[in-house]
Amino acid sequence: MAEPLLEVKDLTVHFPTEDGLVKAVDGISFSLAPGETLGVVGESGSGKSVSFLTVMGLIHSDQAVIEGEVIFQGQDLLKLPAEEMRNIRGARISMIFQDPMTSLHPYYKVGTQISEAVRTHQKVSKKEAHDQAVEMLRKVGIPRPDERAKQYPHEFSGGMRQRAMIAMALSLNPDLLIADEPTTALDVTVQAQILDLIDRLKQEFNAAVVIITHDLGVVAEHCDAIQVMYAGKAVEFGGRRDIYYGSHHPYTWGLLRSIARLDEDSKERLHPIKGLPPSLINVPPGCAFNPRCPYVMDICRTETPALLPSDGHHASACHLSLADKERILKEEVMARS
Amino acid sequence: MGRYLIRRTLFMVLVLFIVSLFTFIIFMKLPAGDPARRLAGSRATTPQELQAIRHSIGLDEPLLVQYGRFAKGLIPWPGFFLNKQVYFSWANNVPVSEEIYSRLPYTITLSLGAAAVFLVVGIPIGIISAIKRRSFVDRAGMVFALIGVSAPVFWLAYLMLYFFWFKLGWLPGIGVPAGEPILKSIALGRFILPWFALAFTFAAFYTRMIRGNLIETMSEDYIRTARAKGLSERRVIFKHGLRAALTPVVTMFGLDLATLLGGAVITETVFNIPGIGQYTLQAIFGGNFPGVMGVTVLAAFFIVIANLVVDVLYAFLDPRVRYT
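Just so it is clear, the model here is predicted, and its values are computed rather than measured.

**Quick word on the overall build of chain B**
Here is step 1 of the chain: When helices and strands are counted, chain B shows 14 helices and zero strands.
Here is step 2 of the chain: Across chain B, helices and strands are ordered from the amino to the carboxyl terminus as α-α-α-α-α-α-α-α-α-α-α-α-α-α.
Here is step 3 of the chain: Seen through its C-alpha atoms, chain B measures out along the principal axes to roughly 85 × 60 × 35 Å.
Here is step 4 of the chain: Counting all 324 residues of chain B, 33% fall into the buried class.
Here is step 5 of the chain: Pairs at least 24 residues apart make up 70% of the contacts formed inside chain B by residues separated by at least 6 positions.

**Describing the overall build of chain A**
Here is step 1 of the chain: Per the secondary structure count, chain A includes twelve helices and twelve strands.
Here is step 2 of the chain: Relative to a compact globule of 337 residues, whose C-alpha radius of gyration would be 20 Å, chain A shows 21 Å and is just as compact.
Here is step 3 of the chain: Seen along its three principal axes, the alpha-carbon backbone of chain A occupies a region of about 65 × 50 × 45 Å.
Here is step 4 of the chain: Sorting the 337 residues of chain A into buried and exposed places 46% on the buried side.
Here is step 5 of the chain: Taking contacts inside chain A between residues at least 6 apart in sequence as the whole, the part at least 24 apart equals 65%.

**Comments concerning the sheet that holds strand β9 (residues 225–230) of chain A**
Residues and elements named next belong to chain A.
Here is step 1 of the chain: Taken in spatial order, the eight strands of this open sheet run β6-β7-β8-β3-β9-β10-β12-β11, and their pairing is mixed. Looking at the sheet topology across the chains shown, the edges are occupied by β6 (93–96) and β11 (308–311). Across this sheet, the average inter-strand angle for adjacent strands is 20°, counted without regard to direction.
Here is step 2 of the chain: Bridge analysis of β11 against strand β12 (residues 314–316) gives three bridges, and the strand direction is antiparallel. Bridge pairing in β12 links Asp-311 to His-314.
Here is step 3 of the chain: Set on the sheet, helix α7 (residues 158–170) makes contact with β6 and β7 (176–180); between it and β6 the angle comes to about 170°.
Here is step 4 of the chain: Together, β3 (37–41), β9 and β10 (233–239) form the strand contacts of helix α11 (residues 250–257), whose direction differs from that of β9 by roughly 105°.

**Quick look at the sheet that holds strand β2 (residues 20–32) of chain A**
Residues and elements named next belong to chain A.
Here is step 1 of the chain: Taken in spatial order, the four strands of this open sheet run β2-β1-β4-β5, and their pairing is antiparallel. The outermost strands of the open sheet, each flanked by one partner alone, are β2 and β5 (75–76).
Here is step 2 of the chain: The sheet contact formed by strand β4 (residues 65–72) and β5 spans two bridges and is antiparallel. Bridge assignment links Ile-71 to a residue of β5, and that residue is Asp-76.

**Overview of the pairing of β3(A)**
Residues and elements named next belong to chain A.
Here is step 1 of the chain: Across the five residues of β3, five count as buried, placing the element largely inside the fold.
Here is step 2 of the chain: Burial along β3 is two-sided: Thr-37, Gly-39 and Val-41 facing one way and Leu-38 and Val-40 facing the other are all buried.
Here is step 3 of the chain: As judged from the five bridges shared by β3 and strand β8 (residues 208–213), these two strands associate in the parallel manner. What sits directly across from Val-41, in β8, is Thr-213.
Here is step 4 of the chain: Alignment of β3 against β9, held across four bridges, turns out to be parallel.

**Overview of the packing of α7(A) against helix α8 (residues 188–205) of chain A**
Residues and elements named next belong to chain A.
Here is step 1 of the chain: Following both chains from N to C, one finds α7 and α8 inclined at 15°, their axes separated by 10 Å at the closest point. Here α7 lies roughly parallel to α8, going by the angle between them. Of the two elements, α7 crosses α8, and the hand of that crossing is right-handed. Contacts from Gly-158, Gly-159, Gln-162, Arg-163, Ile-166 and Leu-170 of α7 reach α8 at Val-190, Gln-193, Ile-194, Leu-197, Ile-198, Leu-201 and Phe-205.
Here is step 2 of the chain: Residues belonging to the contact of α7 with α8 are distributed by class as follows: eight nonpolar, four polar and one charged.

**A few points about the interface of chain B and chain A**
Here is step 1 of the chain: Of the residues lining the interface, 17 residues belong to chain B; the matching set on chain A comes to 23 residues.
Here is step 2 of the chain: Elements that contribute at least two residues to the side of chain B that touches chain A include exactly α10 (221–228) and α11 (233–261) of chain B.
Here is step 3 of the chain: A per-element tally of the side of chain B that touches chain A places α10(B) first, with six residues.
Here is step 4 of the chain: A class-by-class count of the residues in the side of chain B that touches chain A yields five nonpolar, four polar and eight charged.

**Examining the confidence of the model for chain B**
Here is step 1 of the chain: Here chain B averages 88 in pLDDT, while 98% of its residues score no lower than 70.
Here is step 2 of the chain: For this predicted complex, the interface score ipTM comes out at 0.88, while the overall pTM is 0.85.

**With respect to the nonpolar core**
Within soluble globular proteins, side chains that are nonpolar generally end up buried alongside one another.
Here is step 1 of the chain: Core analysis: the largest hydrophobic core is formed by 98 residues, its most contacted members being A:Leu137, A:Ala164, A:Ile166, A:Ala167, A:Ile178, A:Ala179 and A:Val210.
Here is step 2 of the chain: Ranked by the residues each element gives to this core, the list is headed by α7(A), at eight residues.
Here is step 3 of the chain: In this structure, A:Ala164 is in contact with A:Leu104, A:Val110, A:Leu137, A:Ile142 and A:Phe156, ignoring residues within four places of it in sequence.
Here is step 4 of the chain: Formed by 62 residues, the second largest nonpolar core is a distinct cluster that contains B:Val176, B:Ala197, B:Ala203 and B:Met293.

**Here we look at helix α7 (residues 153–167) of chain B**
Because the α-helix completes a turn every 3.6 residues, residues three or four places apart line up on one side.
Residues and elements named next belong to chain B.
Here is step 1 of the chain: Here α7 contains 15 residues, and its C-alpha end-to-end distance of 20 Å stays within 8% of the 21 Å for a straight helix at 1.5 Å per residue.
Here is step 2 of the chain: For α7, the principal kink sits at Leu-161 and spans about 25°.
Here is step 3 of the chain: Positive backbone phi, at 70°, marks Gly-169, one or two positions downstream of α7.

**Focus: the pairing of β4(A)**
Here is step 1 of the chain: The pairing of strand β1 (residues 6–17) of chain A with β4(A) spans seven bridges and is antiparallel. Its bridge partner lying in β4(A), A:Val13 is registered against A:Ile66.

**Some remarks on the environment of B:Leu168**
Here is step 1 of the chain: Tracing the sequence through the fold places B:Leu168 in the loop between α7 and α8 (182–187).
Here is step 2 of the chain: C-beta crowding within 10 Å serves as the criterion here: with 9 such atoms nearby, B:Leu168 is assigned to the exposed category.

**Notes on α7(A)**
Residue and element names in this part refer to chain A.
Here is step 1 of the chain: Helix length check: α7 (13 residues) gives 18 Å between terminal C-alpha atoms against 18 Å at 1.5 Å per residue, within 8%.
Here is step 2 of the chain: Of all 13 residues in α7, twelve are buried, a share of seventy percent or more.
Here is step 3 of the chain: Here α7 has its buried residues at Gly-159, Met-160, Arg-161, Gln-162, Arg-163, Ala-164, Met-165, Ile-166, Ala-167, Met-168, Ala-169 and Leu-170.

**Quick word on the environment of A:Met85**
Residue and element names in this part refer to chain A.
Here is step 1 of the chain: Assignment of secondary structure puts Met-85 in helix α2 (residues 82–88).
Here is step 2 of the chain: When the C-alpha atoms of Met-85 and Gly-57 are compared, they prove to be 7.0 Å apart, with 28 residues separating the residues in sequence.
Here is step 3 of the chain: When near neighbours in sequence (up to four residues on either side) are disregarded, Met-85 contacts Gly-57, Leu-77 and Leu-80.

**Let's talk about the environment of A:Gly35**
Residues and elements named next belong to chain A.
Here is step 1 of the chain: With respect to the helices, strands and loops of the structure, Gly-35 is situated in the loop between β2 and β3.
Here is step 2 of the chain: When the 16 C-beta atoms within 10 Å are taken as the criterion, Gly-35 is described as partly exposed.
Here is step 3 of the chain: With sequence-adjacent residues up to four places away left out, Gly-35 is seen in contact with Asn-206 and Ala-208.

**Here we look at unusual backbone geometry**
All names here are of chain A.
Here is step 1 of the chain: Even without being a glycine, Gln-73 presents a positive backbone phi close to 50°.
Here is step 2 of the chain: Looking at the secondary structure, you find Gln-73 in the loop between β4 and β5.
Here is step 3 of the chain: Overall, the presence of 16 C-beta atoms within 10 Å leaves Gln-73 in the partly exposed class.
Here is step 4 of the chain: Notably, Asn-206 is not glycine yet its phi reads approximately 55°, a positive angle.
Here is step 5 of the chain: Tracing the chain through its elements places Asn-206 in the loop between α8 and β8.

Analysis parameters
Residues numbered from 1 in each chain as written. Chains lettered and ligands numbered in written order. Predicted model: local features only at pLDDT ≥ 70, side-chain atom pairs only at ≥ 80, totals over all residues. Helix = DSSP H or I, 4+ residues; strand = E, 2+ residues; numbered from the N terminus. Buried ≥ 20, exposed ≤ 12 C-beta atoms within 10 Å, placed from the backbone. Contact = placed C-beta atoms within 7 Å. Rg over C-alpha atoms; globule rule 2.2 N^0.38 Å. Pairing = 2+ DSSP bridges. Axes fitted to C-alpha atoms, helices over the stretch in contact; angles between N-to-C directions. Parallel < 35°, antiparallel > 145°, perpendicular 65-115°, else oblique. Left-handed = near helix turned anticlockwise from the far one by under 90°. Nonpolar A, V, L, I, M, F, W, Y, C, P; charged D, E, K, R; others polar. pLDDT = per-residue confidence, 0-100. Core = buried A, V, L, I, M, F, W, Y, C linked by C-beta atoms within 7 Å. Expected span 1.5 Å × (residues − 1). Bend = angle between axes of the 7 residues up to and from the residue.

So, in structure tokens, the structure goes:
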């Protein structure tokens, strides 16, 4: 494998609160090659957003205890002075967010907000920055971009706003784009358009992409690798095929079963994962998933399973034996789909 | 916008009409007893004298005719507006318009000065408190705000007089002589204590409001976007945060300034400033209805105008607001 673009080593992000220590991210490690697309999947509160806000340097050290390493292009971002991190943020790593309705400033014109990003990192005139903003709006497929640039966010539809956010994020040709639930707030038809757009621009700008989502269905077509997170830890990591057709973790099975399928004519109900994600202050001992796991064993309640590779870079954190996993996968999970 | 302004103006006229009607009823009709008797005061009066008073101010006419006369005097047209035949002081025959015109500069000076003080004090403390949340500076700012909103103006005014005039002798004490040119009074520092006494409560209130607004704004998604762009924290706060946090303050400021222009009764009384507020008090206690009517409608006028100005201003401050 080539030199990774981003390598996260044993990252923990703990928030001290009045109720106790919130272990939002509790020791995750992964790496991302240049131009690769990584999907990060998990329920709300699994630590997926927090870990990437930390990569962006948007979680402050006075709010949280951050440990581990975030190595981006050979530099540990966690050790960078704030000023240098600011030069990377928005220029070499950029991020788009879940709700395009509230992520743009309501009082500034869309074009101004994009050219502000350009002018923060490049020494260009207002006019040049504005032209770049219009050009970016054109690239993300906004019709009449020169007129649209002069409009305010409230004059844009949700999908158009997310396109504008993408235009802003890519305006400095970053090496890494982090998309935090980019389609969650959008209509289903618009979701596909936005994901296709991210795919296309990723090729054009030659950027690596991280798509954070709670919906395995969303990342299916668009990701090279997938990391499944639960209660602040990575429970499974693998290529797209490994996760969809050869998953080795009961939590991932649960996620796969709960995807709604249009091609299924049976009147079968969806299979939600029973129970709720644990409180991050009081994570169950052993495997955090054990209270909800249908295959729970005694060892699961006392010992935390390590994220161990089974083959290549497919890894899962589960005490079940590989044989058991293969059997359950074949008989119970795949049989249904 | 044009149609909107016409509609709002008509509405303003309606509001002022209602205010004047209620003022008339409350003052002329509701108090028990004879208005003429009240006007005569403690002097022993014969029935003939009372009748003469009644006749001289038109109390012997039907109520509607009486109100109509006052209402006509509120029509902003030369010859009608505050005409001296109706709007004169029942106590000393001085026209109400003369009183208002001579007193308004004092009230305007007091209000604008106090407004400048509370903005200059309130906004920066509010911003610093919000940015340095839970720090010592924030706590100190909030203690200041708590004292400010709880301290009554008259108490504060006397406290300040005691220290800065009586004890230290830094500033002149009570009184702005009505004969002295107002610019000279300002230059002599006669307004400094009144400005600060009047501004204190407002400053405290604005500090809290701005702190609250800014803290709320800084947790918005678009602030996270601004940070994600790599903007400096200074720019995030002052360009993106304050832009949204200060917009609602404009509304409050417009209304507060209008309220002050209607007369700061307590401050003007304590510091003996010959302004509208002092006149209001004199008119009420002197049973001088034309005076009461004049200052009440004036105060109401400031409020409705401020409301309109603020609403129109909003269309320029917030691109989402449009008037049709």
